[in-house]
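Observations on the model geometry
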Amino acid sequence: MKRNFFYFAWRELTRSAYLRKNMAAKGVLIFLALYFSLVALAMGFNLSEHLSANFPDQSQISAFNSLIFIYVGFELVIRIMVQNLPTFGFQPFLIIPVKRKRIARYMLNKSLLHFFNFLPLFLLLPFTFRSAVHELETPVLFAWLGSLFFMIFVNHFLAIYIKWRTNESDWFFYGFLIVAASIFAIDYFEVFDITANFGKLFDLIVRNPGYIVVFPLAIIALYTLNNRYLLNRFYIDEISQKKKETKAYDFSWLNQVGEYGKMLSLEVKMIARNKRPRTSAIMSILFIFYGLIIYQDADVREIPEAIMAFGGMFMTGIFSMTYGQFFPAWHSRYYPFLMAQNVKMKQVLQSAFFLMAVTNIVFYLLSLGYMYLSPKVLYIHFAVMLYNIGVNSFVIFALGLNSRKSINLDERGMFNYQGMGATQWLIAFPIIFGPMAVYGLLSWTIGNIGAYIVLGSLGLIGIILHPRLIDYFTKEYLKRKHRMIAAYKKS
């Protein structure tokens, strides 16, 4: 072919309607990229002082090597969650004389131009010029620096392969979570010091630079693994293949709830049958362990009640936040059909309210396990749970009035920016920081107990008045029905 794939990819990008959409999401991503670059740069310039203070008996290179595993492990997880897979509209090239190997190589080579492959340099280069050049001889310095540079690409191709497999199989995804948690537990509880032993590999390269060959071999192996994965799926029938076996979910018992039970059962089926809402629901359950992070020092010091209020707000309401973030866009695929059926908008809102209320109660009961750390969890989490049900649920409905982005239910759920608009990025402020601002003001004026009473009372009032509030939002959603349908079709 006279033109290379970069040319076609550029034309595909510039002609795409997506280029002019999701400007809010792109703006936030650019801001985050600049922010983390500056943070990494600042850490790089201050790393020498930090290592000298915390590892006074070791050389700075040895101390730096002992921390590499922590960074590599953390970055691998972040890459899997955030990094986009290499994509290219290759289907038209399958019927013309273009080798599939060439397409696969292009996709993998194109993936190297990613922000995460440049971010470590902002941390590494300042440390190298401030400390490493003074401790290592020139050949050893280049070998050590080269091993770190190669490690970036080992992480890159490993993350791509894991992400491809986890997108393809839920069991692979859960297996990866179990393996990652096991490695963390083994290292954290000092069953085996993985961090120190991983650092010894780079110490070995400092003593014998020839061992750097391990990293290029690892890159070649992972590149080949990814290449074979792509080549085995370069067929139209493989691309469009649907799962032959589908799970049957029976939620007919929800019809006994009453008038809104039928719509509630459809809501639960939508979550259970589709990848994106199902992943969001599963990750919400995992966030119940968030308390192990923020309450971990409860046996050493008293946890500030503001932290406990934030933890309770987050743990009891995490499903409402992730689910409500895209309400009513979860139904965007069939929203016109839904509006044409004998289904009242009030039923849709009422079922969503019931779903969020029940999950808040269930997550509150699960969070009571933290009473072992502090008995205050009982009433603090209860107050913020009531607030989540009676106030935040209707804040979600209010923000949903501006929903304009459709959602693809079959895509992955973690850090998927498809369907993200300004509403989705801003939803955290009124839902999380809004009540925390109210709590801070009340605790400063009338004390912590008074703040919990007011938060709980506001939630209780919202629960009592929820029929009238739902009637109000029903009218508002009906007014915007046609605008939302048109917006979902365009996005």
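Bear in mind the structure is a predicted one, so any value in this text is a computation, not a measurement.

1. Quick look at the overall build of the protein chain
The helix and strand tally for the protein chain stands at 23 helices and 0 strands. In the protein chain, which comprises 491 residues, the proportion classed as buried is 44%. The contacts of the protein chain with a sequence gap of at least 6 include a subset with a gap of at least 24, amounting to 79%. Split by element, the accessible area of the protein chain, about 26600 Å² in all, is 67% carbon and sulfur.

2. Considerations on the environment of Leu-469
Mapped onto the fold, Leu-469 is located in helix 22 (residues 466-479). Taking the C-alpha atoms as reference points, Leu-469 and Phe-394, separated by 75 residues in sequence, lie 7.7 Å from one another. Those residues in contact with Leu-469, other than ones at most four positions away along the chain, are Phe-394 and Gly-462.

3. Description of the nonpolar core
Ranked by size, the top nonpolar core spans 65 residues in total, and within it Tyr-295, Tyr-323, Phe-327, Tyr-335, Leu-349, Phe-397 and Tyr-477 carry the most contacts. It is helix 18 (residues 377-400) that contributes the most residues to this core, 12 residues altogether. The residues touching Phe-397, leaving out its near neighbours within four places in the chain, are Phe-327, Leu-349, Ala-352, Phe-353, Met-356, Phe-473 and Tyr-477. Ranked by size, the runner-up nonpolar core spans 40 residues in total, among them Val-72, Phe-116, Leu-136 and Phe-153.

4. Some thoughts on the pattern of salt bridges
With the rule as written, the count across this model stands at 6 salt bridges. Its salt-bridge partner being Arg-79, residue Glu-75 comes within 3.3 Å of it at the nearest N-O pair. Placement of the pair is Glu-75 and Arg-79 together in helix 4 (residues 68-82), with a separation of 4 residues, close to one helical turn. Just as Glu-75 is buried, Arg-79 falls in that class too. Overlapping salt bridges bring together Glu-476, Lys-479 and Arg-480 as one network.

5. Structural notes on empty space enclosed by the protein
Applying the stated criterion across every chain yields a total of 2 cavities of 30 Å³ or more. For the largest cavity, the full set of lining residues is Met-270, Ile-271, Pro-277, Ser-280, Ala-281, Ser-284, Phe-319, Thr-322, Tyr-323 and Trp-330. At the level of secondary structure, the elements contributing two or more residues to the lining of the largest cavity comprise helix 12 (261-273), helix 13 (275-286) and helix 15 (305-324). Looking at the lining of the largest cavity, the element that brings in the most residues is helix 13, giving 4 residues. The residue inventory of the lining of the largest cavity, partitioned by class, reads 7 nonpolar, 3 polar and no charged.

6. Observations concerning a nonpolar patch on the surface
Among the surface-exposed residues, Leu-38, Leu-41, Phe-45, Leu-113, Phe-118 and Phe-122 lie close enough to one another that they form a single nonpolar patch of about 590 Å² accessible area. Mapped by element, the contributors of at least two residues to the nonpolar patch are helix 2 (23-54) and helix 6 (115-135). Counting residues per element, the nonpolar patch draws most heavily on helix 2, at 3 residues. Structurally, Leu-41 can be placed in helix 2.

7. Focus on the side chain of Asp-203
Along the chain, the position of Asp-203 falls in helix 9 (residues 194-207). Buried charge Asp-203 goes without a salt bridge, the closest partner of opposite sign being Arg-207 at 5.3 Å. Other than its neighbours up to four places away in sequence, Asp-203 contacts Ser-62 and Asn-65.

8. Remarks on the environment of Tyr-71
The residue Tyr-71 is located in helix 4 in this model. A relative accessible area of 31% means that Tyr-71 is categorised as partly exposed. Between the alpha carbons of Tyr-71 and Pro-120 there is a distance of 9.4 Å; along the sequence they are 49 residues apart.

9. A look at the packing of aromatic side chains
Counting across every chain of the model gives 27 aromatic pairs. Judged by centre distance (6.1 Å) and plane angle (80°), the rings of Tyr-161 and Tyr-229 are edge-to-face. You can see Tyr-161 sitting in helix 7 (residues 138-168) and its partner Tyr-229 sitting in helix 10 (residues 214-231), a full 68 residues away along the chain. Seen from their ring centres, Tyr-439 and Tyr-452 are 5.6 Å apart, and the 15° between their planes marks the pair as stacked. Linking Tyr-439 in helix 20 (residues 428-446) with Tyr-452 in helix 21 (residues 448-464), this pair joins segments that are 13 residues apart in sequence. You can call Tyr-439 buried: its relative accessible area is 3%. Here the aromatic cluster, defined as three or more aromatic residues joined through ring pairs, consists of Phe-319, Tyr-323, Phe-327, Phe-353, Phe-354, Phe-394, Phe-397, Tyr-472, Phe-473 and Tyr-477.

10. Section: helix 10
The end-to-end C-alpha distance of helix 10 is 26 Å, a good match for the 26 Å that 18 residues give at a rise of 1.5 Å each. Those residues of helix 10 not exposed but buried are Phe-215, Ile-219, Leu-222, Asn-226, Asn-227, Tyr-229 and Leu-230. For helix 10, the arc enclosing every buried residue in end-on projection is 160°, short of the 170-degree limit, so these residues lie on one face. Turned more than 90 degrees away from the buried face of helix 10, the exposed residues are Leu-217, Ile-220 and Arg-228. At its buried positions, helix 10 is contacted by helix 5 (100-111), helix 7 and helix 9.

About the thresholds
Residues numbered from 1 in each chain as written. Predicted model: local features only at pLDDT ≥ 70, side-chain atom pairs only at ≥ 80, totals over all residues. Heavy atoms only, no water. Helix = DSSP H or I, 4+ residues; strand = E, 2+ residues; numbered from the N terminus. Buried < 20%, exposed > 50% of the residue type's maximum accessible area, 1.4 Å probe, protein only. Contact = heavy atoms within 4.5 Å. Areas by Shrake-Rupley, 256 points an atom, 1.4 Å probe, with all protein chains shown as cover. Core = buried A, V, L, I, M, F, W, Y, C linked by side-chain atoms within 4.5 Å. Salt bridge = Lys/Arg side-chain N within 4 Å of Asp/Glu carboxyl O. 1 Å grid on protein atoms, 1.4 Å probe; cavity = no way out; pocket = protein on both sides within 12 Å on 5 of 7 lines; lining within 4 Å. Points joined across faces, edges and corners; volume = space filled by probe spheres on them. Nonpolar A, V, L, I, M, F, W, Y, C, P; charged D, E, K, R; others polar. Patch = residues over 30% accessible without salt bridge, like charges linked within 9 Å, V, L, I, M, F, W, Y side chains within 5 Å. Lys, Arg positive; Asp, Glu negative; His and termini not counted. Phe/Tyr/Trp six-rings, centres within 6.5 Å; stacked < 30°, edge-to-face > 60°. Expected span 1.5 Å × (residues − 1). Arc of directions from axis to C-beta.

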